[in-house]
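Survey of secondary and tertiary structure
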Amino acid sequence: MPIDLKNMKTINCQIDGAIVRLSLNRPDAANAINSVLENELYEALKACDADNSVKCVVLTADGPNFSGGHDIQELATDVVEEREPATIEGKNWVRTGELLEPWWFTKLLIVAVKGYVGPHVNTLLLAADFVIAAENTHFSWAEMRVGIGTPFGSYTLMPFHFPMRVAKQLWITGGWMDAETALRLFYVNRVVPVGEEEALAMRYAEQFSRMELENITGNKRGIHKLYEAAGLPAMVAMGREPYVHEGAAGEAVMEHFRMIYDKGAAAAAKSRDNDWEYELGKI
């Protein structure tokens, strides 16, 4: 297995035969996805893809939450200090018009989630093959209320998972859903009591690892071709056009970044959600 665990700073990795368990390991930061974690995750997936002894990857997280989403503290620092942002494969790690690495992973990707699942990390779930959710999981697109523009990267998979009315509410106003709603919408495959999500994900992986690798990759490739026939390339192309914040919207975005920079993400989120009737955003 060509994964050097000693160089993995933000992800824990365990190997059990044909199954690899990857765990997000920034619990003190709610496992927020910064450029280091995202790079390491993609490199780990590539290493698993290149190793023919691996059939399934189970992605989970340390601590009570799966992930807060983007590390907006890092993003705000890039913006306010006007510093060159980190890159992944030569592209701005925060925004790319391409489908992200999890979509191109040819083995099975099973994700076990719990607690809070923030906007950016939903791109992992959109690209995953199976998702197991704890009963307390809260799927949020809240940061969209700051202004994002056309869905980009793996967000372009949203219309394949949700009715367009649901996709509108999530994307335009930063809506959210609980685990039971996610199950009804088939966004997740199973909902289980808190603490049982990873065990069930591993059971799925053990079951699927009995298949021949060529059958797994061939079946997955066939499903992805259906996405392409349904218009995925055109959606990805639309997402390559960056959204430019102008006027009052641009000023509001910069004020949001400055507050994150000066007072922290929690204070900025509180300001963003001031007088917001959060229950009305629920799907």
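Here, the structure is the one placed above.
Predicted model only: the values in this text are computed from it and were never measured.

**Quick notes on the overall build of the protein**
Scanning the protein for helices and strands turns up 12 helices and 11 strands. The C-alpha atoms of the protein give a radius of gyration of 18 Å, which matches the 19 Å a tight globule of 283 residues would have. Here the C-alpha coordinates of the protein stretch approximately 55 × 40 × 40 Å along the principal axes. Within the span of the protein, comprising 283 residues, buried residues form 51% of the whole. Long-range pairs, those at least 24 residues apart, make up 72% of the contacts in the protein between residues at least 6 apart in sequence.

**A short note on the packing of helix α11 (residues 247–263) against helix α12 (residues 265–272)**
Following both chains from N to C, one finds α11 and α12 inclined at 145°, their axes separated by 7 Å at the closest point. Contact with α11, carried on its side by His-256, Met-259, Ile-260 and Lys-263, involves Ala-265, Ala-267, Ala-268, Ser-271 and Arg-272 of α12 and no other residues of that element. Split into classes, the residues belonging to the contact of α11 with α12 amount to five nonpolar, two polar and two charged.

**Remarks on the side chain of Thr-123**
Note on placement: Thr-123 falls in helix α4 (residues 122–127). Residue classification places Thr-123 among the buried positions, given a relative accessible area of 3%. Residues within four places of Thr-123 in sequence aside, it is in contact with Leu-100, Ser-154 and Tyr-155.

**Observations concerning the sheet that holds strand β8 (residues 130–134)**
In space, the six strands of this open sheet follow the order β1-β2-β3-β6-β8-β11, with mixed pairing throughout. Two strands bound the open sheet, and with one partner strand each, they are β1 (11–16) and β11 (190–192). On average, adjacent strands in this sheet sit at an angle of 20° to one another, irrespective of strand direction. Contacting β2 (19–24), β3 (56–61), β6 (108–113), β8 and β11, helix α8 (residues 197–208) runs over the sheet at an angle of about 165° to β6.

Calculation criteria
Residues numbered from 1 in each chain as written. Predicted model: local features only at pLDDT ≥ 70, side-chain atom pairs only at ≥ 80, totals over all residues. Heavy atoms only, no water. Helix = DSSP H or I, 4+ residues; strand = E, 2+ residues; numbered from the N terminus. Rg over C-alpha atoms; globule rule 2.2 N^0.38 Å. Buried < 20%, exposed > 50% of the residue type's maximum accessible area, 1.4 Å probe, protein only. Contact = heavy atoms within 4.5 Å. Axes fitted to C-alpha atoms, helices over the stretch in contact; angles between N-to-C directions. Nonpolar A, V, L, I, M, F, W, Y, C, P; charged D, E, K, R; others polar. Pairing = 2+ DSSP bridges.

Geometry only, nothing functional implied.
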